[in-house]
Structure formats: structure tokens, C-alpha cells
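Overview (structure and organization)
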Amino acid sequence: MTKTFTPARPIWCAGCGDFGVLQALVGSLEELEIPPHERFVTAGIGCSGSLQNNLSCYGYHTLHGRVLPTVTGAKLANPELTVVGVGGDGDGYAIGGGHLMHAFKRNPGVTYIVMNNGTYGLTKGQASPTAPTGYQDNLEEDLDPVMLGLSIPGSTFIARAYSGQPAQLARLTTEALKHTRAGKGMSYLEVLSPCVTYNDTYRDWRTSVYDVDSEEGYDPENRTQAFTRMQELRDEGRLPLGLIFRSDRAALESLSLNHDYPAPALQDITKPDLSGVCNDALQSFIK
Amino acid sequence: MSDVKPVLEDLNVIVAGQGGDGSLTVVNVLADVLRGGGLRVYTERDVLSRIKGGITAATLRAYDGERLCISSHIDLLVAFDQLAVPKYAFRLNSQSIVIYDSSNGELPEGHGLPEGVRLIPVPLSRYAVKHFRRDIYKNSISFAVIGRLIGLQDDEMEKAFVKRFTRRGAQAVKYNLEALAVGCKLSDEAGLEVGKGKFEITSQDAKPHMLITGNEACAFGFAVAGGRVFCGYPITPSTDVMEWLVKWLPKFGGVVKQAEDELSAINMCIGSALTGTRTMTATCGPGIALMQEGIGQLGMAEVPVMIVDAQRSGPSTGMPTKPEQSDINLLCYGGAGDFPRVVIAPGTPEECFWLTITGCNVMEKYQVPVFMCLDQGLSQNTATMDPLDLAGVTIDRGDRLDAEQVAELEVYKRYLFTESGASPFAAPGTPGGMGLVTGNEHDEFGLVSVDPINRNRQMEKRQGKMESMKPELPKAVTHGVETADIAFIGVGMCYGVILEAMDILSSKGIHTQYHQVRTLWPMLDETPAFTQRCPNTFVVEYNYQAQLKKLIHSHGGNDENMHSILRYDGVPMQAKDLVNEVITKLNLKEDKVA
């Protein structure tokens, strides 16, 4: 067999929440029998931005904040790939925050996993958009990206896990990949992933997380109820986990592409159809 | 009625009014009729960055031969708003004719028209409102007056209207034809009866022509070259590239995605290109500025994306609808760090088509960003050209590996060191070809590395592409007299005006040549060498800082031999401007030279 790169050992600090995400992702990809050459994993900038080096896949290390545009472009060009975007909270909610709402709105067939630790670990601990008031003299209220996602009518899969609860994380990662592979569009999974060096929240989060999956009567297909419940739990100082919202809608690529043709990436373009569509286009300039 | 009328050889018409008056429609229909008569046409627009209002104009040149610029002499000004008359009066001379809307009375004093201009007042707006209760029909009424004046047949005009308005529905055809009839009646009253037109409009060259803009030609070239994904953000004057592709790319099996901003657009393009899909975006200066980080990523991560720059007046938001060529520095030098890129500068829509295809081949073969350096004039002005012979299209995707080829390798490395600098590429989805792509410095496998020896080798690999690709890049074209010691250099919309200036100079006995450089980066040796050889080279460009001339100088061009002709007021040059510059600068006496 042809030798390619050997997945590197993660460069994260011992105890980093990102280990849990990597393990869950690899486990889910294997569980769903997605072979390495069909995996297209794009990571942002930050500690989480090296995850693609640690598994066998086609990996891409994108610019800071540009995970979502990149994976959207990749999925449109080749929907047959299993496209996964990963990144941190600074990457996804600050510098790339503008893309998040458009990705929810577009609903491309990608799985987007955000490792949220509330801090910029790689630049030594500045407050991120999800840092609570008071962290590193942060005066601002923290952003709740789950509620942002719920507020956008196009969103189809919103979940949150905690790397301190690996069983649920693994299950939700698999659910997220399944949602996308079923052609339903973007699955967004936020993982509370503590930074042991600059914002060690294991102890706080262990007590404040709240599992909606096991709440009787919680209906993840009811957007209004989900939003209300998120606000209530936030007011109680809780961090909701679980499959928060799910709905059915066709993915961007299935709505955008001309299905009379193979996917753009899979067409043989070396022999243009000169007498067909090329000539039609030419004639349109003559008429 | 005179039997012998001059054959129409060169007609220049400005149609002006408020934005929304329909000036562009008049010019487009006129262009269509005249090219049906065998003439070549060229149209230009002078518009503002607003949807309605302000004085705007569309200009047409119909020529028996090829001209890619408007003449210095305007034969006819059609003014829907009397304020347009003083604005464009300087373009007219004593032979010119002005048709203006006299609904609100005669032209007031101070219109600035040269003496001898023939005035044809027509109450266009009044009749439009009277017959249709809609002011907008005045442009269709005016068309009849223009047609009668220049010598179009009434039935030709009707045919053109049916063709133009059919896509807007039967009502539109009906009302516009009625407006045309109203116009014919008004023409009769103004003494412009059938058969009294100024010209004989012959059809010697009635073979079909394409009517196309540079933007459209780039888009068409991209689609034919196998381009399948376009991601962009609307920005004047590049948007027509996306508009054309929205309509056509799905028919080629491709897709267009409008992004939320240019940061997203370039990164969507990167995502698409990473899958091995031919990918393009189009923008102009402010968009290129926003895309800079992504463009550096293309260079570093070795991802091929084509970027069309329809340059407009800068800096910053500048004058969005006006031409400039002031992104040359940005295209050639922009971005953090050192990386290879290609900047191609076509001069005509035909070159936009062919060089887009060349550019697509080069970008995939060498895995670099390629810029198509256009400007508002080349991007948006329409020109006739002979139908393209598509049999000349060739596609070269470089060294791409399929599953079998990968399987034959002992080891696959995404950034393998090679002679040319480009590494074989296995697209995601290819079994066994897994690789890592990153904008961080990396080793051959794509794993992040700061090892100094590896760093040097990777840097040299990437930069080495610039030499490897040179033989495949578009070379300069020489027009005119190759031995002449007076020459022009200029790109984009300078093309047409330089060629006309050369003809005028030639008629005065002054022989010149045009070294039409077509690759700005990497600059080919031929251009600096040319300026060493030719003692009087006028470098014509639309910017303040002489960016093209400095680019040539920095590559060994002879600064003493180069003289700048610069324009940055947002107004297209006229051939006579160039002629005067040459004669004045070189202190030539026309009669002596002749």
C-alpha cells in the first residue's frame, strides 16, 4: 500500500478537552465505516486547528476563522466527501463569527464541531466570545452560539456535548455525521472542551452542565421550546448539553447542483462539449 | 432627396440622461441594428454608483473595421435631460448633431455647444406621458428619431424592438412599438422623413459577429475551460462575471455560490479548488484587498484559484463605476510573505476568453493563484468580434493522480519536491492519496515544520514555479511597425485607444509600434528588453503612480526610454490625447515627419 503521512501525535496539553473530540470523531468515522480517503477534515487556527493532523484523512488547515466558507466550497464541489470542519471558539465565533449565521442559513452538508473553551489558549489566555463576564477582566456578556443557531430559521442540527462526558460526546458526534450524510445539511456540534492551562473549567462545568437528552418532555424538533428552554437554563446558570434541535431540510448542495451531471469535482473536463453547451453559449453572443 | 449618401464608416453616439432614463437600452438596440448591418460596434458606459438619477450616458461607436474605443469626435448626442448637454458638449464639434428633449422648452443659454452644431428639439417626455402615461417610453420614442436621422429603415427598427423586448413580454413589445411609431411621427414633424437619413448603411460584412464584454468573455472562457465552481460577492464592475455564470454555469454542470463577503468568497473557492475543481472568483480592488490573506494561502498551500480583477478607480471605495488600472501593485506584490502568482493582462474580449483558458491551465499545472487583470472599460464595454473557434481550446490539468497511479507509488507526498516546483496532486476521494494541506510552513507530507533546511527547500520549490512556467505564459504582441523607434506600452482598455492613436500618427507620417504586454507577473524578459531597445516608449496607464512603468523598470526596463501617459480622473482616454502627448513630448513637426 502507498505510504502517506503518518497521523501525528496531538500537540495539546495533557488533559486538554480536545483529546476527547479527536477520539469521538475518529470513533464515529470508524463506526460509520467512512474510509480515510472519503474524509475531508478542515481545521481552523488555534489549538484545535491541528486536529486534522491526528487522523487519517484528506486534511486542510484553513485560515483563521474560515472553516465554514472552506467546507461549504468543498461540499458544493464534491458532495460525495464526508466534510468535517473543526475549530475553536475564537476561530468560529470571533474572527469567523460572521460566517456562522450564513452557514446556518445555507445549511451545507457539513459537520461543524467547535471546541469551546472560552479562551484563546494559543495566544496565552485572552477572553474569547464565550468567556463569561469577569474572565480576564472581560466586561462583556458571553455569546451563546447555540441560541444564535436556534434563532436562524435555516438551521437543522444543533447539539452540545462536553468532553468530560465522552459517551454522550461520541453519540452526538455520530448523530451529527449521520444527519449530514442523510442529506439534511449542516450538523453543528459545540463541545465544551476545557483549556487546562488557561481556563480550566472542568470543575465548574461538571456541576453546571445539564442534559436535555434525559429531560422528560424535551422535544428537539420544537424550535420555540428549545429556544425558551435554552434561555431558562441560561438564567439558571446551567450549560445545556444534548441534541438541542433537529429539523429536516434539504442540504445546500442538493438544492444548488445540476443533478444531470456528476459533482463538479468528478467531471472529466478535459474534453469540453464544444458542439453542445459551449456552442449554445457562443451562439447566445451572436443572437 | 439626395441619391448619393456617404456610406456609414464611423459613427459615434452619446445617449445621456438621468440614471433610469434608458440611455443604455437605446445604445444596446442601436448597436444590435448596426452590427446587423455589418458594422463593428463598441459601447461604453458612463454611469454613477446609484440606481436612479444623476446624469449618466451610454456611448456607441459603429465602425467599418475594428475599433475598441470611442472616437475623439462625437457625431450625435441624444439628451433626455438638458443637463446632459453641457456635460458632454466638449466632446462635440461643429459637425455634430444634438437631439434633445424639448418638453420643458428650448435649450437655455450656457449649454457650451460648439458653433455650428445642429439642434433637433423633440418633446420626448411630453409625448411619452401623453401617449403612455409613462415617462420611461421616451427612450423608445427617441430611437425612431435617431434611426431616421442616421438612415435606418423603419422596419429594421421594428424588428430590433421585437427582438429586444420580447423577453419582457407581449405588453412590452406592444407599447414599445407604439412608442417607436410615435417617434416616427415626431420625426416627420421635425423634417426627418423616411429616406432622408444621413448615411447609406450597407451590409458588406453581414457575417455573424459576437457582441461581448471582457467580463462575459472571462466567464465564458472559464466555463469552456472546465471551470465548474464560482464563488463571489457582488461588486461593481466585476459583477457581470458572476451574473453570466449564474445563467450558464449550471448548464455546464457547474455551480455559482454568492458568498456573504469576499473573505468567504475566496475561502469557498479554496475549499472547492482543494477538491480538484476548477474554480474562479471575480472582484475588484476593495475585494482583492479583503481577499489578500486567502490569496497568500493559495500561494503557500499551493491551491489553484483564478481571480478576475475588474479594476475600478481607487483608493478605497474610490469611484466605483469608473475605470482605473491602479491595482497592478496589489496584484503583483500584495499579500503577506513571498509567494508565486500569475497576473495576466488581456487587451480585448477575445483575449479575455483565450487567456482565461491559458490561465486556468497554468494555475492547475503549477498550483498557484492566477489573476486576470481587467479594468472597468475592458470588463464592461461591449465589442463585436468574430465568432470564436472553439476547436482551439485545450485543457491541461497538470500532474493529477488517480487511484491507480497513487497505488503504483511507494509513497505519496502532497508537497513532493520536484523539478518544476509543482507536486503531483491526488484529489480528496482518491483512495490512498491522503495528504495534508496547510498555509503553515510544512514538510513534503504537509505536516507543519519550522525546520530551517526544509523551510528553504519548500520556499525554493514554490518560488521555482515562476521560472518553470514562464514559457507557458502569454507573450507580448507587437502591433504596428516593429522597427519604429516610437512605441506604446499599455494594457486592458488602453489597447483600443493606442491602436487608434497609432493610425492617426501613421496618417501624419509618424510610425509607431505597440508592445502589448500580456503577462505582468512574472514579468517576461521581453518587456524590459523592449524598453532597452526602443528609445521612446510611452507607457499608457490609468493610475497616478505609474505602476506599470515602475514594474517594468524594476525588472530591468530602461527608465530613460520610458515616458508615462497617466490618467486617473475616471474618464476614458481618447486617441487624440495620446497623439498630442507623443507629438508634444518628442517635439515632432507633423509636416516635417511626413
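Procedures and definitions
Residues numbered from 1 in each chain as written. Chains lettered and ligands numbered in written order. Predicted model: local features only at pLDDT ≥ 70, side-chain atom pairs only at ≥ 80, totals over all residues. Helix = DSSP H or I, 4+ residues; strand = E, 2+ residues; numbered from the N terminus. Rg over C-alpha atoms; globule rule 2.2 N^0.38 Å. Buried ≥ 20, exposed ≤ 12 C-beta atoms within 10 Å, placed from the backbone. Pairing = 2+ DSSP bridges. Axes fitted to C-alpha atoms, helices over the stretch in contact; angles between N-to-C directions. Contact = placed C-beta atoms within 7 Å. Domains from an automatic or database assignment. Nonpolar A, V, L, I, M, F, W, Y, C, P; charged D, E, K, R; others polar. Parallel < 35°, antiparallel > 145°, perpendicular 65-115°, else oblique. Left-handed = near helix turned anticlockwise from the far one by under 90°.

Turning our eyes to something else, we now look at the overall build of chain A. Scanning chain A from terminus to terminus reveals 10 helices and 10 strands. Radius of gyration (C-alpha) of chain A: 20 Å, near the 19 Å computed for a compact globule of 287 residues. When its C-alpha atoms are laid out on the principal axes, chain A stretches across 70 × 45 × 35 Å. Split into buried and exposed, the 287 residues of chain A put 52% on the buried side.

This part is about the overall build of chain B. Each helix and strand counted, chain B has 20 helices and 22 strands in total. The C-alpha atoms of chain B give a radius of gyration of 26 Å, which matches the 25 Å a tight globule of 594 residues would have. Its C-alpha atoms give chain B principal-axis dimensions of about 85 × 60 × 40 Å. Within chain B, buried positions represent 54% of all 594 residues.

Take the sheet that holds strand β1 (residues 10-18) of chain B next. All names here are of chain B. Across the sheet, which stays open at both edges, the eight strands sit in the order β6-β5-β4-β1-β3-β2-β15-β7 with mixed pairing between neighbours. In this open sheet, the two strands that pair with only one neighbour each are β6 (118-122) and β7 (210-213). Here the strands of the sheet are splayed against their neighbours by 15 degrees on average, with no regard to which way each runs. Across two bridges, strand β2 (residues 40-46) lies against strand β15 (residues 382-385) in antiparallel orientation. In the sheet register, Thr43 faces β15, and the bridge partner there is Thr382.

As a further point, take the environment of Asp219 of chain A. Its location among the elements puts Asp219 of chain A in the loop between β9 (209-211) and α8 (223-235). Counting along the chain gives 123 residues from Asp219 of chain A to Gly96 of chain A, while the straight-line C-alpha distance between them is 30 Å.

Below, the discussion takes up the sheet that holds strand β18 (residues 486-489) of chain B. Residues and elements named next belong to chain B. If you trace the five strands from one edge of the open sheet to the other, you get β17-β19-β18-β21-β22, paired in mixed fashion. Bordering the open sheet on either side are β17 (477-480) and β22 (562-566), each of which pairs with just one other strand. On average, each strand axis in the sheet is inclined to that of its neighbour by 25 degrees, with strand direction left out of account. Looking at chain direction, strand β21 (residues 536-541) and β22 are connected through five bridges and run parallel.

Across the junction of Thr236 of chain B and Pro237 of chain B, the peptide omega takes the value 0 degrees, indicating a cis bond. Here Pro237 of chain B is to be found in the loop between β8 (229-232) and α8 (239-248). Of note, the amide linkage connecting Gly314 of chain B to Pro315 of chain B takes the cis form, showing an omega dihedral of -5 degrees. Within the fold, Pro315 of chain B resides in the loop between β11 (306-313) and β12 (319-323). The residue Glu33 of chain A is not glycine, and still its phi comes out positive at about 55 degrees. In this fold, Glu33 of chain A is placed in the loop between α1 (18-31) and β1 (39-43). For Glu33 of chain A, a count of 7 C-beta atoms within 10 Å corresponds to the exposed category. Look at Ser316 of chain B: it is not a glycine, yet its phi comes out positive at around 50 degrees. Position of Ser316 of chain B relative to the elements: it lies in the loop between β11 and β12.

All names here are of chain B. Looking at the secondary structure, you find Met502 in helix α16 (residues 494-507). It is 9.8 Å that separates the C-alpha atoms of Met502 and Val481, two residues lying 21 residues apart in sequence. Setting aside residues up to four positions removed in sequence, Met502 forms contacts with Gly480, Thr512 and Tyr514.

Next up on the list: the domain arrangement of chain B. Residue and element names in this part refer to chain B. The assigned domain composition of chain B is domain 1 (10-189), domain 2 (211-392), domain 3 (403-471) and domain 4 (477-593). Just the C-alpha atoms count here: the centres of domain 2 and domain 3 sit 25 Å apart. Taken together, the contact pairs 16 residues of domain 2 with 15 residues of domain 3. Put simply, the parts of the chain that give the side of domain 2 that touches domain 3 at least two residues each are α10 (285-301) and α12 (349-366).

Let us now look at the interface of chain B and chain A. In this assembly, 69 residues from chain B lie in contact with 52 residues from chain A. Of all elements in the fold, only β7, α7 (214-224), β8, β9 (255-258), α9 (262-274), α10, α14 (403-408) and β16 (436-438) of chain B reach the threshold of two or more residues within the side of chain B that touches chain A. Per element, the largest residue contribution to the side of chain B that touches chain A is nine residues, and it comes from α9 of chain B. Classifying every residue of the side of chain B that touches chain A by side-chain character gives 38 nonpolar, 22 polar and nine charged. Strand direction decides the pairing type here: strand β2 (residues 58-61) of chain A and β16 of chain B, joined by three bridges, are parallel. Residue pairing for β16 of chain B: Gly59 of chain A is matched across the bridge by Leu436 of chain B.

A separate point is the packing of α1 of chain A against helix α6 (residues 166-181) of chain A. Residues and elements named next belong to chain A. Close contact between α1 and α6 brings their axes to 9 Å; oriented N to C, the two are set at 50 degrees. As judged from the angle between their axes, α1 and α6 are oblique. For the element pair α1 and α6, the recorded crossing hand is right-handed. Along the contact surface, α1 presents Gly20, Ala24, Leu25, Gly27, Ser28 and Glu31, while α6 presents Pro166, Leu169, Ala170, Thr173, Thr174 and Leu177. Classifying every residue of the contact of α1 with α6 gives six nonpolar, five polar and one charged.

Before going further, it helps to spend a moment on the pairing of β1 of chain B. Residues and elements named next belong to chain B. Counting buried positions over the nine residues of β1 gives seven, a clear majority of the element. Sheet topology places β1 next to strand β3 (residues 55-63); nine bridges connect them, and they run antiparallel. Note on β3: the bridge partner recorded for Val13 is Leu60. As paired elements, β1 and strand β4 (residues 76-79) share four bridges and run parallel to each other. Among the inter-strand pairings, Ile14 is bridged to a residue of β4, identified as Leu77.

Right, let's get into the packing of helix α2 (residues 67-77) of chain A against helix α4 (residues 97-106) of chain A. Between two packed helices, the angle of one axis relative to the other and the distance separating the axes together describe the packing. All names here are of chain A. The contact between α2 and α4 brings their axes to 9 Å, and the two run at 30 degrees. In terms of orientation, α2 lies roughly parallel with respect to α4. Residues Leu68, Pro69 and Thr72 of α2 form the contact with α4, whose own contacting residues are His99, Leu100, Ala103 and Arg106. Here the residues of the contact of α2 with α4 sort into four nonpolar, two polar and one charged.

Let us look at the pairing of strand β4 (residues 110-116) of chain A. Residues and elements named next belong to chain A. Counting buried residues along β4, seven of its seven residues qualify, which places the element largely inside the surrounding structure. Of the two faces of β4, the one lined by Val110, Tyr112, Val114 and Asn116 and the one lined by Thr111, Ile113 and Met115 are each fully buried. Looking at chain direction, strand β3 (residues 82-88) and β4 are connected through six bridges and run parallel. Residue pairing for β4: Val86 is matched across the bridge by Ile113. Sheet topology places β4 next to strand β8 (residues 187-192); six bridges connect them, and they run parallel. Across the sheet, Asn116 pairs through a bridge with Leu192, a residue of β8.

With 11 of its 11 residues buried, α7 of chain B lies for the most part within the structure. Taken together, the buried positions of α7 of chain B are Gly214, Asn215, Glu216, Ala217, Cys218, Ala219, Phe220, Gly221, Phe222, Ala223 and Val224 of chain B.

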